[in-house]
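# Results of the structural survey
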Amino acid sequence: MKIDETYREVLKWASSFLEAAGQEESAAEFLLRGRLNWSKTDFILHLEDPVPIETRQQFIEDVKQHSKGTPTQHILGYEWFHDYRFKVTKDTLIPRPETEEIVDKFLKQASNRPLTVLDIGTGTGAIAIAIKKERPQDEVTGIDLSSAALAVAKENAEQLQANVRFLAGDLTAPVTAEQFDVVISNPPYIGENEKIDMDESVLNYEPQMALFADNNGLAIYQRLAEEIPAILKPDGQIFLEIGFRQGEAVKAIFQAAFPNAKVEVEKDMSGHDRLITVKQV
């Protein structure tokens, strides 16, 4: 590349470089805008400007790192979730758009009264913090088994000024003496047999404990179905993210645990099974 290249020219190089490495070309713009904290409009307005040497050098380093498989979120150190910026590290699952749909589902049907909300397997704290930001009247608790993940969640909460209580422990263990209006979870649900179909960047850079579960990915759901009845209020609700092949299996698990509840499988924007809702009636 030439020293006086414009943003347009640098982006063209990066896109071709990533394509040749088997990565998505769109990551080039994401990395460049991410480093500069630019909106799409900012980027368009500067396309013909020359790139400063320091920016150019950092961008080249970022692109080369991503070409080797490092997720863009780990290179930049953050990901956006529900319009909030969350720090991510190797100790946390990268928040995904599919999980935003769970938060949206809860927000659309939640009553106006203050609720007690429990997020099991909070990771970066994305679900818990997004709910608290949108519904400051709620008392929100996040639980995670990983102390490293909880440290990131607490940092995110402080940065976003969200008063969320974070507890360390295995599933519901830290709150067995309490009851909640709502339990939300994006638990590990991938079976070991599915590794062959997964993106290498996920396998190599995201925490295995946040991804995989025994019994073809159903083990955590089975445990949750045993534990949640004791901590859910009589009129409480549950929202669970699931794998796209798990709808009927997880529905059956929770229908058995809550025989009088309305248990439904809901689809994401792509038309895949993505969410189990349990509403006690």
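Structure first, text after, so check above.
For clarity, every value in this text was computed on a predicted model and none was experimentally measured. (Residues numbered from 1 in each chain as written. Predicted model: local features only at pLDDT ≥ 70, side-chain atom pairs only at ≥ 80, totals over all residues. Heavy atoms only, no water.)

Let's shift gears to the sheet that holds strand 4 (residues 139-144). Strand order in the open sheet formed by seven strands is 5-4-3-6-7-9-8, and the pairing between neighbours is mixed. Only two strands of the sheet have a single partner each, and these edge strands are strand 5 (165-168) and strand 8 (261-267). Going from strand to strand, the sheet's axes swing by 15° on average, the running direction of each strand aside. Examined bridge by bridge, strand 3 (residues 116-120) and strand 4 share five bridges and lie parallel to one another. In the strand pairing of strand 4, Ile120 is matched with Ile143. Those strands touched by helix 12 (residues 247-257) are strand 7 (232-241), strand 8 and strand 9 (273-280), and its axis lies near 165° from that of strand 8. (Pairing = 2+ DSSP bridges. Helix = DSSP H or I, 4+ residues; strand = E, 2+ residues; numbered from the N terminus. Axes fitted to C-alpha atoms, helices over the stretch in contact; angles between N-to-C directions. Contact = heavy atoms within 4.5 Å.)

Take unusual backbone geometry next. Of note in this structure, Asn37 is not a glycine but carries a positive phi near 55°. Within the element layout of this structure, Asn37 appears in the loop between helix 2 (26-36) and helix 3 (40-45). For Asn37, a relative accessible area of 54% corresponds to the exposed category. At Asn215, a residue that is not glycine, the phi angle is positive and equals roughly 55°. Looking at the element boundaries, Asn215 is found in helix 10 (residues 214-217). (Buried < 20%, exposed > 50% of the residue type's maximum accessible area, 1.4 Å probe, protein only.)

Direction vectors running N to C along helix 11 (residues 219-227) and helix 12 enclose 15°, while the axes themselves pass 9 Å from each other. In terms of axis orientation, helix 11 runs roughly parallel to helix 12. For the pair helix 11 and helix 12, the sense of crossing is right-handed. Facing helix 11, whose interface residues are Tyr221, Gln222, Leu224 and Ala225, helix 12 presents Val250, Ile253, Phe254 and Ala257. (Parallel < 35°, antiparallel > 145°, perpendicular 65-115°, else oblique. Left-handed = near helix turned anticlockwise from the far one by under 90°.)

Attention shifts here to the packing of helix 6 (residues 97-109) against helix 7 (residues 126-134). Orientation of helix 6 relative to helix 7, taken along the N-to-C sense of each, is 35°, at an axis distance of 10 Å. Here helix 6 and helix 7 pass one another in a crossing that is right-handed. From helix 6, Thr99, Val103, Phe106 and Leu107 reach across to helix 7, where they touch Ile127, Ala130, Ile131 and Glu134. Along the lines of polarity and charge, the residues of the contact of helix 6 with helix 7 split into six nonpolar, one polar and one charged. (Nonpolar A, V, L, I, M, F, W, Y, C, P; charged D, E, K, R; others polar.)

The topology assignment puts Asp181 in strand 6 (residues 180-185). When its relative accessible area of 6% is taken as the criterion, Asp181 is described as buried. A distance of 2.8 Å separates a polar atom in the side chain of Asp181 from the backbone nitrogen of Thr116. The contacts of Asp181, once residues within four sequence positions are left out, are Arg113, Pro114, Leu115, Thr116, Leu232, Lys233, Gly236 and Gln237. (Polar contact = N/O pair within 3.5 Å; in protein donor to acceptor, adjacent residues only side chain to side chain.)

A few words on the packing of aromatic side chains. Counted by the stated rule, this structure contains six aromatic pairs. A ring pair is formed by Phe81 and Phe86, whose centres lie 6.1 Å apart and whose planes are at 85°; its orientation type is edge-to-face. The class of Phe86 is buried, set by a relative accessible area of 0%. We note Arg85 situated over the ring of Tyr78; from NZ or CZ to the ring centre the distance is 3.6 Å. (Phe/Tyr/Trp six-rings, centres within 6.5 Å; stacked < 30°, edge-to-face > 60°. Lys NZ or Arg CZ within 6 Å of the ring centre and 35° of its normal.)

What follows deals with the side chain of His74. Within the secondary structure layout, His74 lies in helix 5 (residues 72-76). His74 gets classed as buried once you look at its relative accessible area, which sits at 19%.

Let's shift gears to the nonpolar core. In this structure, Tyr221 and Phe254 are the most contacted members of the largest nonpolar core, which totals 33 residues. Elements with a minimum of two residues in this core: strand 3, strand 6, helix 11, strand 7, helix 12, strand 8 and strand 9. The residues contacting Tyr221, other than those within four sequence positions of it, are Pro187, Tyr189, Leu240, Glu241, Ile242, Gly243, Gln246, Val250, Ile253 and Phe254. Residues Phe81, Ala110, Ala130 and Ala157 belong to the second largest nonpolar core, which totals 27 residues. (Core = buried A, V, L, I, M, F, W, Y, C linked by side-chain atoms within 4.5 Å.)

Those residues of helix 12 that sit buried are Gly247, Val250, Ile253 and Phe254. End-on, the buried residues of helix 12 take up no more than an arc of 135°, which puts them together on one face. Opposite the buried face of helix 12, by more than 90 degrees, sit the exposed residues Glu248 and Ala256. Looking at the buried residues of helix 12, the elements they touch are helix 11, strand 7, strand 8 and strand 9. (Arc of directions from axis to C-beta.)

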